[in-house]
Amino acid sequence: WECLDMSRRTLGTEHPNTLTALNNYAVTLSNLGCEGEAEPWRWACLEISRKALGEEHPGTLTALNNYSVTLSNLGREGEAK
């Protein structure tokens, strides 16, 4: 959390390094079995990536994939499509 917070403050929310820190935080939550807690962070990463990088940027596509996997892990496959 501290890394993400520091990155937001120093680089800004839309900076690629901040997006990486945001994704890493969500990955950590997922790895700890906290998919429900990871879901809003994955969504935020996707939405910020869309705005900052564009719909077709590889980082945005990765964020979309990660969000879909999280939804699937939560049993929300219909939303993941």
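Sequence order as written defines residue numbering, which begins from 1 separately in each chain. Under the rules for a predicted model, residues below a pLDDT of 70 receive no local features and side-chain atom pairs below 80 are neither given nor counted, while totals for whole chains, interfaces and linings still include all residues. The basis for the side-chain values is all heavy atoms of the structure; hydrogens and waters are excluded.

Asker: What's the story with the confidence of the model for the protein in this structure? I'm lost.
Answerer: Should the pLDDT be low somewhere, the predicted coordinates at that spot are not to be read in detail. Confidence scores labelled pLDDT are given residue by residue by the predictor and lie between 0 and 100. Residue-level pLDDT values for the protein average 93, and 99% of them are 70 or greater. Working definition: helices are DSSP H or I runs of at least four residues, strands are E runs of at least two. Numbering for both runs from the N terminus. Mean pLDDT across the elements of the protein bottoms out in helix α5 (residues 77-80) (82) and peaks in helix α3 (residues 35-53) (96).

Asker: What should I look at first to understand α3 in this one?
Answerer: Note on helix geometry: an α-helix contains 3.6 residues per turn, so any two residues three or four positions apart are oriented the same way. Expected helix span is computed as 1.5 Å times (number of residues minus one). Its 19 residues place the ends of α3 25 Å apart at the C-alpha level, agreeing with the 27 Å of an ideal helix rising 1.5 Å per residue. Any two residues whose heavy atoms approach within 4.5 Å are treated as being in contact. Buried residues in α3 make contact with α2 (16-31) and α4 (58-73). Looking one or two residues beyond α3, the residue adopting positive phi is Gly54, at roughly 100 degrees.

Asker: What exactly am I supposed to notice about the packing of aromatic side chains here?
Answerer: Note on aromatic pairs: each is described by the distance of the centres and the angle between the planes. Think of it this way: a Phe, Tyr or Trp ring, Trp meaning its six-membered ring, pairs with another when their centres are within 6.5 Å, and the plane angle makes it stacked under 30 degrees, edge-to-face over 60, tilted otherwise. In total, this model carries two aromatic pairs according to the counting rule given. Ring centres of Tyr25 and Trp41 lie 5.1 Å apart, and the angle between their planes is 85 degrees; on these two criteria the pair is classed as edge-to-face. Separated by 16 residues along the polypeptide, Tyr25 in helix α2 and Trp41 in helix α3 bring together distant segments of the chain. According to the relative accessible area criterion, Tyr25 is partly exposed, its value standing at 22%. Partly exposed residues are those whose accessible area sits between 20% and 50% of the maximum for their type, while under 20% is buried and over 50% is exposed, using a 1.4 Å probe and protein chains only.

Asker: Looking at this model, I keep getting lost on the pattern of salt bridges. Mind explaining?
Answerer: Once the charged atoms of two side chains with opposite charge are near each other, the side chains can pair. The rule for a salt bridge is simple: a side-chain nitrogen of Lys or Arg has to be within 4 Å of a carboxyl oxygen of Asp or Glu. The full count for this structure, using the stated rule, is five salt bridges. Between Arg9 and Asp5 there is a salt bridge, with its nearest N and O atoms 3.3 Å apart. With Arg9 and Asp5 both in helix α1 (residues 2-11), this residue pair falls four residues apart, about one helical turn. With relative accessibility at 27%, the residue Asp5 sits in the partly exposed group. Across the pair Glu14 and Lys51 runs a salt bridge whose closest N-O atoms are separated by 3.1 Å. Remark: Lys51 occurs in helix α3 and Glu14 occurs in the loop between α1 and α2; sequence separation between them is 37 residues. Residue class for Glu14 comes out partly exposed when judged on its relative accessible area of 36%.

Asker: Looking at this structure, I do not really get the state of the cysteines. What am I missing?
Answerer: By definition, a disulfide links the sulfur atoms of two cysteines through a covalent bond. Pairs of cysteine sulfur atoms within 2.5 Å are what we label disulfides. In this structure the tally under the stated criterion is zero disulfides. For the unlinked cysteine Cys34, the closest cysteine sulfur is that of Cys45, found at 18 Å. Its relative accessible area of 22% is what places Cys34 among the partly exposed residues. Cys3 provides the cysteine sulfur closest to Cys45, a residue in no disulfide bond, and the two sulfurs are 13 Å apart. Take Cys45: its relative accessible area is 6%, and that puts it in the buried class.

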